[in-house]
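Topology and contacts: notes
Listed below, chain by chain, are the residues.
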Amino acid sequence: MERFNLTGFKRFWAIAKSYWFGDEKWKARGLLLLIAVFLLGYTGLSVVLNNKRGVLISALSAKDEARFWETVLVFIGVLVAYAPLLAGYDYLQKRLGLEWRRWLTGRFVGDYFRDRAFYDIQQFQPDIDNPDQRIAEDVKNFTQQSLALLLVVVSSVLQVIAFSSVLWGISKSLVGFLVLYAVVGTLVTVLVFGQPLVRLNFEQLKREANFRFSLVRIRENAEAIAFYRGEAQEANQVNNRFMAAFENFKRLIIWELNLNVLTNAYEFIPFVLPAIVVAPAVFAGDLEVGKVSEAQGAFVRVFFSLNVVVARFSELTSFGAGIDRLYGFAEALNHGEIESTKLVDSKNKDAAKAETAKTESESEGTAPELTGLEDTEPETADQPKIAIATADSLALDNFTLQTPNYQRTLVENLSIAVPDQSGLLIVGPSGCGKSSLLRAIAGLWQSGSGTIHRPDLDNILFLPQKPYMVLGSLRDQLLYPHTRQDVDDTALQAALEKVNLADLADRFGGFDAVKEWGAVLSLGEQQRLTFARILLNQPKFAILDEATSALDLANEAQLYEHLRHTGTTFVSVGHRESLHDYHQTTLELGEDHTWIIKSPDLAVANS
């Protein structure tokens, strides 16, 4: 968001309208209407209080005791109604913001996990950095700040209407000067400070998120870093990311300093001008002394209402940066109501990238490091896609697999069928595409051609190369991903015994014990635990990517023996020679995208 323009409002509305016109629209509109009623009530009482404050001063000046005490009683009566109205208004505003955040967070979380969007964003959309922050922080800021700003604008309009009539009755020239002064101040602030503050706020959000991510990454990989003694390198990485945020924030606060100098000088005049304008009429005896206070109070209210952009400009720029981040995330998730909006043409976009690179290099004192991947994402709309056909067995027909950017072919013209209740072993040198072939079977990669015949994914269980320990109990670990199925403790214990983890439940306090399982279990224990998932879920097909790499040969043989007796058809990726004993067919992939099929029942086939 380079400046405040119609595009920014379109992006805001594209995100916001789904709530106000969605399934909870009547609840949302009802709360907003109630807020408006409270707002009208306390704005009207504010006019009365401002008037009575002037009357109090006039009564004191005239030494009119009866009028003074009468006004005090009215003042107290108005305050009794004013205080709960203002408190209720604040509560309803926060409650509506909370309900909106709940709904919008649910929407983003649902879309994030739908059709494996979380995987696609991580793998193929590197520009969408830190999705966790966008869901947790940007959604919260969007709902709270947009509602607050909306109500500030509505409140400002009401106060302008209510207090302008008061001011008009005291001095017409004050009203004219006020409008002109507000317009000039707003234009100067937006034109001078708009673009740099929005850009710096956007960059600050990104750099703060990168800094937090580097700290989380250390926590998740603490043991590996300790083994490598990589403390110095990791500390340097963390410090570099912090300094990037630090340097950007220094530039941000310099711009905010200049903005504050302008706004502080700009906002001083309301406290002096009304008295200067009204003073001659007071000295002439045409107005009471209290009219000075009343005029000043009305002038201040109208002034700050008209100058809401100037007064909240720093907040607006941060809000605008958050809208851009959330809109980009929504666009990546393919929200139905999000329409692609081009903020700048390609030339301006390149200039923006150059400016960002320049900013980063200035803050870090080094030239930006290029990975070669920044602009390699091709247009894939016209590229071939791998077809997936639902079948009762697993087979590949004229299958060609390429990397997602279509720049490298991994496997070419492969045709193979895996017999039911048998095993296929995929071997080959590192980097030849073994794990990528499994990604294609799972539907994670679609770049290539040919057809994959496989059952529905509900009938396939994948064990990835790195065991995944979920947040939850030991029972959840064993039953994942179908944690809601009803399996008694006896069956769970039997599965643990089959994978040589018979004492696991007793060691940690039962199947309902909740631990940080990725930290308390060794890699070998994690692999055996995930293998137990196959025994409990009993899928028709299992895909194993180096699933026994951390196990000794005896444990490996025992696990595969149990797997063979389940009747599950399985496909394994591995390097160990011992794996050949547990599989009926071997697919050997070459570095030059060739392949060889070896089976004791068939002649050797190759590409």
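Residues numbered from 1 in each chain as written. Predicted model: local features only at pLDDT ≥ 70, side-chain atom pairs only at ≥ 80, totals over all residues. Heavy atoms only, no water.

Topic: the pattern of salt bridges
Tallied over the full model, the rule gives 20 salt bridges. Measuring nitrogen to oxygen at the nearest pair gives 4.0 Å for the salt bridge that ties glutamate 234 to arginine 217. With glutamate 234 in helix H8 (residues 231-266) and arginine 217 in helix H6 (residues 172-220), this residue pair connects regions lying 17 residues apart in the sequence. Ionic contacts of the salt-bridge type, sharing partners, join the residues Glu24, Lys27, Arg95, Glu99 and Arg102 into one network. (Salt bridge = Lys/Arg side-chain N within 4 Å of Asp/Glu carboxyl O. Helix = DSSP H or I, 4+ residues; strand = E, 2+ residues; numbered from the N terminus.)

Some remarks on the packing of helix H1 (residues 6-20) against helix H3 (residues 65-113)
Packed helices, taken two at a time, are described by the angle between their axes plus the distance between the axes. At their nearest, the axes of H1 and H3 sit 10 Å apart, and the two run at 105° to each other. Classified by the angle their axes make, H1 and H3 are roughly perpendicular. Along the contact surface, H1 presents Ile15, Ala16, Ser18, Tyr19 and Trp20, while H3 presents Leu96, Glu99, Trp100, Trp103, Leu104 and Arg107. Looking at the contact of H1 with H3 residue by residue, the class counts come to eight nonpolar, one polar and two charged. (Axes fitted to C-alpha atoms, helices over the stretch in contact; angles between N-to-C directions. Parallel < 35°, antiparallel > 145°, perpendicular 65-115°, else oblique. Contact = heavy atoms within 4.5 Å. Nonpolar A, V, L, I, M, F, W, Y, C, P; charged D, E, K, R; others polar.)

Quick notes on the packing of aromatic side chains
For the structure shown, the criterion picks out 20 aromatic pairs. Between the aromatic rings of phenylalanine 508 and tryptophan 517, the centroid separation amounts to 5.3 Å while the plane-to-plane angle is 80°, which identifies the pairing as edge-to-face. Here the aromatic cluster, defined as three or more aromatic residues joined through ring pairs, consists of Phe12, Tyr19, Trp20, Trp100, Trp103 and Phe142. A cation sits over an aromatic face here: arginine 29 above phenylalanine 21, 4.9 Å from the ring centre. (Phe/Tyr/Trp six-rings, centres within 6.5 Å; stacked < 30°, edge-to-face > 60°. Lys NZ or Arg CZ within 6 Å of the ring centre and 35° of its normal.)

Comments concerning the confidence of the model for the protein chain
For the protein chain, mean pLDDT is 80; residues scoring 70 or higher make up 79% of the total. Here residues 339-379 is modelled with pLDDT under 50, and outside its nearest four sequence neighbours on either side it reaches 38 contacts, counting other chains as well. (pLDDT = per-residue confidence, 0-100.)

What about helix H20 (residues 553-565)?
The terminal C-alpha atoms of H20 lie 19 Å apart, and with 13 residues this matches the ideal 18 Å at 1.5 Å per residue to within 8%. Of the positions making up H20, those classed as buried are Asn555, Glu556, Leu559, Tyr560 and Leu563. One side of H20 holds all its buried residues, which, seen down the axis, span an arc of 125°. For H20, exposure combined with an orientation more than 90 degrees from the buried face picks out Leu553, Ala554 and His565. Lining the buried residues of H20 we find helix H16 (489-498), helix H19 (523-537), strand S9 (541-545) and strand S10 (569-573). The N-terminus of H20 is capped by aspartate 552, whose side-chain oxygen sits 3.1 Å from the backbone nitrogen of alanine 554. Of the residues one or two after H20, glycine 567 is the one with positive phi, at around 80°. (Expected span 1.5 Å × (residues − 1). Buried < 20%, exposed > 50% of the residue type's maximum accessible area, 1.4 Å probe, protein only. Arc of directions from axis to C-beta. Polar contact = N/O pair within 3.5 Å; in protein donor to acceptor, adjacent residues only side chain to side chain.)

Some thoughts on the pairing of S9
Counting buried residues in S9 gives five out of five residues, a clear majority hidden from the surface. Burial of the side chains of S9 extends over both faces: Phe541, Ile543 and Asp545 are buried on one face and Ala542 and Leu544 on the other. Both S9 and S10 contribute to a ladder of five bridges, which runs parallel. Paired with isoleucine 543 across the bridge in S10 is valine 571. You can see the chain leave S9, run along H20 and come back into S10, and the turn it takes is right-handed. (Pairing = 2+ DSSP bridges. Right-handed = clockwise from strand over helix to strand, strands pointing away.)

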